[in-house]
Structure formats: C-alpha cells, structure tokens
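Structural description and commentary
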Amino acid sequence: MFTDINIAEDLYYVGSSDRRLERFENAYPVPDGMSYNSYLICDTDATVLMDAVDKSVSKAFLESLKRVLGTRSLDYIVIQHMEPDHSATAKQVLELYPNACVVASQRALDMLVAFNDIKLANVRAIKEGDVLKTARHELCFIAAPMVHWPEVMVTYDKCTGTLFSADAFGTFGASSGNLFADESDFDMDEARRYYFNIVGKYGVQVQSLLKKASGLDIRMLCPLHGPIWRENIASYVEKYSIWSSYQSEKDSVLIVYGSIYGNTEQAALALAALLAKRNVKGIEIYDSSKTDLSVLLSKCFSFKAIAFASSSYNAGLFTSMETLLLDLKAHNLQNKTIALIENGSWAPSSGRCMKEILDSMKSMTYVCPMLSIRSSLKECQMEELEAMADSLAQSVLP
Ligand code: FEO
C-alpha cells in the first residue's frame, strides 16, 4: 500500500494509479489504467504538496502523504489544476492538515469551493510571477491557461530545475512502479493520444507555455499523469512543439472508412493498394465504427494526408464517420491534405456532409475531386481512383 518514493532531494512521489478504470474522463479508454501524480516537497522549514489526486486512489495517496510527513504538518497545498482528477482529495487533505495554506490561482480557488462546497480558511491566491520560497526551494508560478482548464498554473522550482507541469507532458496508463520515463519503454503513441484528446484543441495555448518554458533550465519534468522525465527532456518538448503547431509527423496516407455492408470498405482497400503500388510507405487504414474515436483522432493529427470514405445514412453521413469528423473539428484539426470517397445507393449524401464539416476546419486542401460510388466501386471508376492515388502519393512522397 505504501507507494511513496523519494525521487530527488526533499522531493517525494505520493501519487498512485487506478488500474480498474475503463475510461479516463468517462471518455477515453485506458486499457493500462491511469496514474494520478502528486509530489511532496519536504524542506527543512516547510512542507509543500504539489496537487492532490483522483478520489479513486485516495487511500494510497493519503497513507503515503501521512507516512512521508510523519510527525510534521503540511504547510502548503498547491493546486495547479483544479480538475477533480487532481483536487477531489484536497478536502480530505485539508481535514487532516487544517492549517495548510491553499496556494492556487484565484480562479482555481473559486472552482475548488464550487466543486467541493467547502470553506477555505487559509489561502494564498497566486498569479504568474509569484514565488513561494522555502529554505532550499523557490517555487515560481507560471500561468498556463487552457492547458487544460483556464485556471491552470505550472510551477518551476528554481533550485532543482524541476518543472511541475500539471497536465502538460502527461500520458495515459498506470505507473509500472518505475516512476521515470528512462526506466521503462515510454509509449509515445499513448502520450500522443493523451495530448491530442486532452489538450489538442489548445495548440496556441500550449505554444505559449512552451515559449515561457524555453527560458527555463528544466532538469526534471513532473507531470500530473505518467512518468517523470529527467533524461532527453528536449526530445519530449520537441514532440509538444510539433503537436501544438499542428505539424504532421507522418508523410503518409491515413485512410478512414465508415462502411455498412463492406462496399465502402472495399473502395478504401482498393485505394490503399493503389497507394502501395505508388511506393507510399506507412499507410494505415481504420474502420470508424471499430477503432476507438480517441485513437482515430490521434492518427488524423499525425498523418499528412487523410482519405475519408463513407456510406450515406439517413440522407446524411454514416454515424461513426460523422462523430469522428465533428470530434476532429472540435479539436481543431488543421493543415491536412484530404481526399473523399462517398457511397450512396439512391441519393448519395455523405460526400457533401463530409465536405461541409471539413470546410469549416482550417487549411484543408483537397487534392482531387471527390469519388462518388453507387452501392459499390465499379471497374469503370478505377481511373478516378487511380487519379486519387496519384494525387495523394504526390502529396506525401519526397
Ligand atoms: Fe488531469 Fe485536466 O486533468
């Protein structure tokens, strides 16, 4: 049960993981569970807790906290991010340590009261540039609005070079016990899925945080989810720079199809074969009804070119494809090369519907006319499909 670990001088990990959770935020599948990180600074003159945890791991968290503090009291609890996966247990912490001062942005303090219906007796409202000093540590607060909620602050400990980065640089998955990213195989695909689904919409705000962080000597990165980084930090920051500026990582073609009886799927497979014949490597193809939305979203952000193929449905768009495109729009997908295949037996409508949604996104380039098929792809339309493959290949090949 005791999961606390000393991770640096004066610094302890007191978080824990929920391995039973099916969906994080009741939305994103987490087959490997979810970690909720919390860090405790035990300086000679003061103790500072950096965020609390989700209620699902309250028992382990509170036991670790009490165990590390021993006979000492808790002097400060910093709430960097008020979302309940990090603050739901703050009330219990304050019941145990009623003299602790709650340090947070005014907005976070207001939210903490609203969510928990509590009276805060001892608070310190902070803003960017404020500093909390202890004997050996100097915690500098940096505003990071919308990474991932509006009240977020991140914290840089000037003395140790530690950036407590809130949700930024987090990932899905429970802790293996090895707390550092360099101690096990870090799954960048899961980090990417986490990034685009959780903060992908807020690229501009992430860029702003990266700009502020670029002036800091970061020697350790302590996010609220996932492993701690102390090696190759620049490589992870570079990923965030690419992701937040909506650059594609894969110069290849992603094909996503929504198919009822398999005929649209056959057209998608035919396109994939034609692309392969044109030497396009790394093609990926997914069924929008089968692959989880969060995976498809992450894939769409990664690829340079995307072909969407969909059946028509109820004089509109097949439901799983419609859900995907609306989610992509909500997350600000942009800068993509697009090709469209519609299918409809008596009144094809999916192409128009896909285009309407895609047209409302930024910097979408259609490389060729839409291919419209009736019930199934016919031999006489292969020329059009070949032309589509030519255009897509041209857009991704060097
Ligand atoms: Fe991990 Fe936005 O909470």
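For clarity, every value in this text was computed on a predicted model and none was experimentally measured.

A closer look at the overall build of the protein
- In terms of regular secondary structure, the protein is built from twelve helices and 23 strands.
- Dimensions of the protein, computed from C-alpha atoms along their principal axes, come out at roughly 80 × 40 × 35 Å.
- Taking all 398 residues of the protein together, 57% fall into the buried category.
- For the protein, the proportion of contacts with a sequence separation of at least 24, taken over those separated by at least 6, is 71%.
- Looking at charge distribution, the protein has the averaged site of its 38 positive side-chain charges lying 2 Å from that of its 49 negative ones.

Let's talk about the side chain of Ser312
- Considering the arrangement of structural elements, one finds Ser312 in strand β19 (residues 303-313).
- Owing to a relative accessible area of 15%, Ser312 belongs among the buried residues under this scheme.
- Among the polar contacts listed, one links the side chain of Ser312 to the backbone nitrogen of Ser350, at a separation of 3.1 Å.
- Filtering out sequence-adjacent residues up to four positions away, Ser312 remains in contact with Ile260, Phe318, Asn343, Gly344, Ala347, Pro348, Ser349 and Ser350.

Considering the pairing of strand β22 (residues 362-366)
- Where strand β21 (residues 334-343) and β22 come together, four bridges link them in parallel fashion. For Lys336, the partnering residue across the bridge sits in β22 and is Met364.

Concerning the pairing of strand β9 (residues 76-79)
- Taken together, the three bridges between strand β8 (residues 47-50) and β9 define a ladder with parallel strand orientation. Opposite Met50, over in β9, you have Val78 as the bridge partner.
- This β-α-β element, β8 to helix α1 (residues 58-69) to β9, shows right-handed connectivity.
- By the bridge criterion, four bridges tie β9 to strand β10 (residues 101-104) in an arrangement that is parallel. By the bridge assignment for β10, Tyr76 is matched with Cys101.

Thresholds, definitions, all that
- Sequence order sets the numbering: in each chain, residues are counted from 1 along the sequence as written.
- Totals for whole chains, interfaces and linings use all residues, but because this is a predicted model, local features are given only for residues with pLDDT of at least 70 and pairs of side-chain atoms are given and counted only at 80 or more.
- Hydrogen atoms and water are omitted, and side-chain values are computed over all heavy atoms in the structure.
- Starting at the N terminus, helices and strands are each numbered in turn, a helix being any DSSP run of H or I of at least four residues and a strand any DSSP run of E of at least two.
- The rule is simple: take the accessible area with a 1.4 Å probe, protein chains only, and divide by the maximum for that residue type; under 20% is buried, over 50% is exposed, in between is partly exposed.
- By definition in these notes, contact holds between two residues if any of their heavy atoms fall within 4.5 Å.
- Working convention for charge: Lys and Arg count positive, Asp and Glu count negative, and His plus the chain ends are omitted.
- We put the charge of a Lys on NZ, of an Arg on CZ, of an Asp on CG and of a Glu on CD.
- For the purposes of these results, a polar contact is taken to be a pair of N or O atoms within 3.5 Å, where, inside protein, one atom must be able to donate a hydrogen and its partner to accept one; residues adjacent in sequence count only when each atom of the pair is a side-chain atom.
- We treat two strands as partners when DSSP finds at least two bridges between them.
- We call a crossover right-handed when, viewed with both strands directed away from the observer, the connection leading from the first strand over the helix to the second proceeds clockwise.

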